[in-house]
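Next come the chains, spelled out residue by residue.
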Amino acid sequence: MNFVTRERSAAPDVIAPDGSEVRLLAASSRGSMAQFTLPPGAVSKPVAHRTVEEVWLVIGGRGRMWRKLGDAEETVVLKPGVSIAIPVGASFQFR
């Protein structure tokens, strides 16, 4: 077994399709973590993942997350300590 340790990079590793900055964190064969950020006042592009379910934890800043899956739709206030799940196939956008 190999233990995985990764230090968060100061600069983004990549820019996601929705426009957010991505810093890759530890990963294993069954899961991974990443930090996503937007500059103040920015709005991500709406996207939907076909094969990935995500769980988010807000660690700083404030914003809003819109999610829609089928007939279910909601907008949630984001602030430190709030966690949300984004199911496979759900459209979402955050600011």
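Residues numbered from 1 in each chain as written. Predicted model: local features only at pLDDT ≥ 70, side-chain atom pairs only at ≥ 80, totals over all residues. Heavy atoms only, no water.

(A) Spatial organisation of the pattern of salt bridges. All chains considered together, the criterion is met by three salt bridges. With a closest N to O distance of 3.4 Å, R23 and E21 form a salt bridge. Overall, E21 belongs to the partly exposed group, its relative accessible area being 25%. (Salt bridge = Lys/Arg side-chain N within 4 Å of Asp/Glu carboxyl O. Buried < 20%, exposed > 50% of the residue type's maximum accessible area, 1.4 Å probe, protein only.)

(B) The arrangement of the side chain of D18 in detail. Looking at the secondary structure, you find D18 in the loop between β1 (14-15) and β2 (21-28). A distance of 2.7 Å separates a polar atom in the side chain of D18 from a polar atom in the side chain of S20. Aside from chain neighbours lying at most four places away, what touches D18 is S44, K45, V47, F92 and F94. (Helix = DSSP H or I, 4+ residues; strand = E, 2+ residues; numbered from the N terminus. Polar contact = N/O pair within 3.5 Å; in protein donor to acceptor, adjacent residues only side chain to side chain. Contact = heavy atoms within 4.5 Å.)

(C) Looking closely at the pairing of strand β7 (residues 72-78). Of the strand pairs in this sheet, strand β6 (residues 63-69) and β7 are connected by seven bridges, and their pairing is antiparallel. Counterpart to W66 in the pairing with β7 is T75. (Pairing = 2+ DSSP bridges.)

(D) Quick look at the sheet that holds β6. The strand order across the open sheet built from four strands is β4-β9-β6-β7, with neighbouring strands paired in antiparallel fashion. Each edge of the open sheet is held by one strand with a lone partner, namely β4 (47-48) and β7. Sheet analysis places β4 next to strand β9 (residues 91-94), joined by two bridges and oriented antiparallel. What sits directly across from A48, in β9, is S91.

(E) Geometry of the pairing of β6. Hairpin connection of β6 to β7: two residues between the antiparallel strands, including G70 at a positive phi of 60°. Strand direction decides the pairing type here: β6 and β9, joined by four bridges, are antiparallel. Its bridge partner being in β9, M65 is matched across the sheet by F94.

(F) Main features of the sheet that holds β2. Spatially, β1-β2-β3 is the arrangement adopted by the three strands of the open sheet, whose pairing is antiparallel. Only two strands of the sheet have a single neighbouring strand rather than two, namely β1 and β3 (31-37). With six bridges connecting them, β2 and β3 associate as antiparallel partners. Across the sheet, the residue bridging to L24 is A34, located in β3.

(G) Just the nonpolar core, in detail. Residues W56, M65, L78, I84, I86, F92 and F94 are the most contacted members of the largest nonpolar core, which totals 13 residues. For this core, the elements supplying multiple residues, two or more each, are β7, β8 (83-86) and β9. Residues within four places of F94 in sequence aside, it is in contact with D18, S20, L38, V43, S44, W56, R64, M65 and L78. (Core = buried A, V, L, I, M, F, W, Y, C linked by side-chain atoms within 4.5 Å.)

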